[in-house]
Amino acid sequence: MSVARDLYRLQEIDLDIESKEAAVRQTTARLGENETVLSARSRLAAEQTHLEELTKQQRALEWEIDDLSAKIKAGDKDLYSGRIRNPKELSDLQQQTNALKERRSELEDRALAVMEEVETSRRAVTGLTAELRSVEQQWEADQKRLTAELAQLKETLAGLRAQQQQVRSGIDAQTLELYALVRQRRGTAVARVEQGICRGCRISLPVSELQQARTGRLVQCESCSRILYLP
Ligand SMILES: [Zn+2]
């Protein structure tokens, strides 16, 4: 086995570890994230408060209407009792009762409007309650899935780290140092050579470099300094 091949294998493992570590970070960040649940909950709470206020308004209007109706009933009773004979007094009473009826009619219109608002708000509360339940269920399912994904990722990572150690133990310290250095500078340290071209920088390699690489010796690309690997 050539060193270049070992390094290429190490690079594959290292890149895999990097991407799995990124996935662990991402999954960990998403675990416990419950903004959608909180937002659905607060929208429901706001609508419930709105409904309570409307119901209070509705009740207050009904009480006022009942109160007016009692007064009107008493006024009508007096008017038609024949007990009051004074025309001025009668006409005053008539006017008062009419004013009360007008006021009641206004309040009844308002009560009707509020009743419609109450109905609309009730439907909204029902809808938002269902939405919250569905969002919560989705969240619970997501948490379960993410937890399982995280466990799987960690297991895979442990396996990869063991492989990484194994491959590294077969490579001498100086070569590992070179690998780390090029990797730091270029992102990847080893480049495959395909049809005489360095896949790292896509430049045609001189024949002498290719020949050296073919012997299994450690050769770096002249242009990008990556370690060349001929599969
Ligand atoms: Zn190159």
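Residues numbered from 1 in each chain as written. Predicted model: local features only at pLDDT ≥ 70, side-chain atom pairs only at ≥ 80, totals over all residues. Heavy atoms only, no water.

(A) How the structure looks around the sheet that holds strand E4 (residues 227-229). Here four strands make up an open sheet; going across it, the order is E3-E2-E1-E4 and the pairing mixed. Of all the strands in the sheet, the pair left with one neighbour each is strand E3 (203-204) and E4. (Pairing = 2+ DSSP bridges. Helix = DSSP H or I, 4+ residues; strand = E, 2+ residues; numbered from the N terminus.)

(B) Examining the environment of lysine 144 more closely. As for its position among the elements, lysine 144 is in helix H3 (residues 87-169). On the basis of relative accessibility, which here comes to 68%, the residue lysine 144 falls in the exposed class. Along the backbone, lysine 144 and leucine 31 are 113 residues apart, and their C-alpha atoms lie at a distance of 9.3 Å. (Buried < 20%, exposed > 50% of the residue type's maximum accessible area, 1.4 Å probe, protein only.)

(C) Molecular detail of the packing of helix H1 (residues 3-30) against helix H4 (residues 173-186). With their axes 12 Å apart at the nearest point, H1 and H4 run at an angle of 50 degrees to one another. With respect to each other, H1 and H4 are oriented oblique. Remark: the crossing between H1 and H4 carries right-handed chirality. When H1 is examined against H4, the residues Val3, Leu7, Leu10, Gln11, Asp14 and Glu18 are found in contact with a partner set consisting of Thr175, Leu176, Tyr179 and Arg183. Taken together, the residues of the contact of H1 with H4 break down into five nonpolar, two polar and three charged. (Axes fitted to C-alpha atoms, helices over the stretch in contact; angles between N-to-C directions. Parallel < 35°, antiparallel > 145°, perpendicular 65-115°, else oblique. Left-handed = near helix turned anticlockwise from the far one by under 90°. Contact = heavy atoms within 4.5 Å. Nonpolar A, V, L, I, M, F, W, Y, C, P; charged D, E, K, R; others polar.)

(D) Layout of the nonpolar core. Ranked by size, the top nonpolar core spans 20 residues in total, and within it Leu7, Leu10, Ile171, Tyr179 and Val190 carry the most contacts. Counting only elements with at least two residues in this core, the list comes to H1, H3, H4 and E4. It is H1 that contributes the most residues to this core, seven residues altogether. Excluding residues that lie within four positions of it along the chain, leucine 7 makes contacts with Ile171, Thr175, Tyr179, Val190, Leu218 and Ile227. With 16 residues, the next largest nonpolar core counts Val37, Ile65, Leu68 and Val125 among its residues. (Core = buried A, V, L, I, M, F, W, Y, C linked by side-chain atoms within 4.5 Å.)

(E) Unusual backbone geometry, seen in detail. For arginine 202, which is not glycine, the phi torsion reads 65 degrees and is therefore positive. Positive phi values are uncommon outside glycine, yet serine 225 reaches one of about 60 degrees. Secondary-structure assignment places serine 225 in the loop between helix H5 (207-214) and E4.

(F) Main features of the coordination of the zinc ion. Within the first shell, the zinc ion binds the protein through Cys198 (SG), Cys201 (SG), Cys221 (SG) and Cys224 (SG), at distances of 2.3 to 2.4 Å. Written as a sequence motif, the donor arrangement for the zinc ion is C-x2-C-x19-C-x2-C. Linking cysteine 198 in strand E2 (residues 197-198) with cysteine 224 in the loop between H5 and E4, this pair joins segments that are 26 residues apart in sequence. The residues cysteine 198 and cysteine 224 share a single accessibility class, namely buried. (Donors = N, O, S within 2.8 Å, 3.2 Å for Na, K, Ca; no water.)

(G) Representation of the packing of helix H2 (residues 35-81) against H3 within the structure. Running from amino to carboxyl end, H2 crosses H3 at an angle of 160 degrees, the nearest separation of the two axes being 7 Å. The orientation of H2 with respect to H3, classified from their angle, is roughly antiparallel. Crossing angle aside, the handedness with which H2 passes H3 is left-handed.

(H) Examining the confidence of the model for the chain more closely. Per-residue confidence for the chain gives a mean pLDDT of 95, with 100% of residues at or over 70. Averaged pLDDT values over the elements of the chain bottom out at 89 in H5 and peak at 97 in H3. (pLDDT = per-residue confidence, 0-100.)

(I) Representation of H1. In this model H1 runs 40 Å from its N-terminal to its C-terminal C-alpha over 28 residues, within 8% of the 40 Å that 1.5 Å per residue would give. Buried residues of H1: Ala4, Asp6, Leu7, Tyr8, Leu10, Gln11, Ile13, Asp14, Ile17, Lys20, Val24 and Thr27, and no others. Two residues or fewer past H1, glycine 32 is found with a positive phi of approximately 85 degrees. (Expected span 1.5 Å × (residues − 1).)

(J) Representation of the pairing of strand E1 (residues 190-194) in the model. Where E1 and E4 come together, three bridges link them in parallel fashion. Among the inter-strand pairings, alanine 191 is bridged to a residue of E4, identified as leucine 228. Direction of pairing for E1 relative to E2: antiparallel, over a ladder of two bridges. If you follow glutamate 194 over to E2, its bridge partner there is isoleucine 197. Once E1 ends, the chain turns through two residues before running back antiparallel as E2, passing glutamine 195 with a positive phi of about 50 degrees.

(K) The arrangement of the environment of serine 225 in detail. The exposure class of serine 225 is buried, given its relative accessible area of 15%. The spacing of serine 225 and valine 190 is 35 residues in sequence and 9.1 Å in space, taken between C-alpha atoms. In this structure serine 225 touches Val182, Arg185, Arg186 and Gln220, once residues within four positions along its chain are discounted. Within the structure, serine 225 has its side chain in polar contact with the side chain of arginine 185 (distance 3.2 Å). (Polar contact = N/O pair within 3.5 Å; in protein donor to acceptor, adjacent residues only side chain to side chain.)

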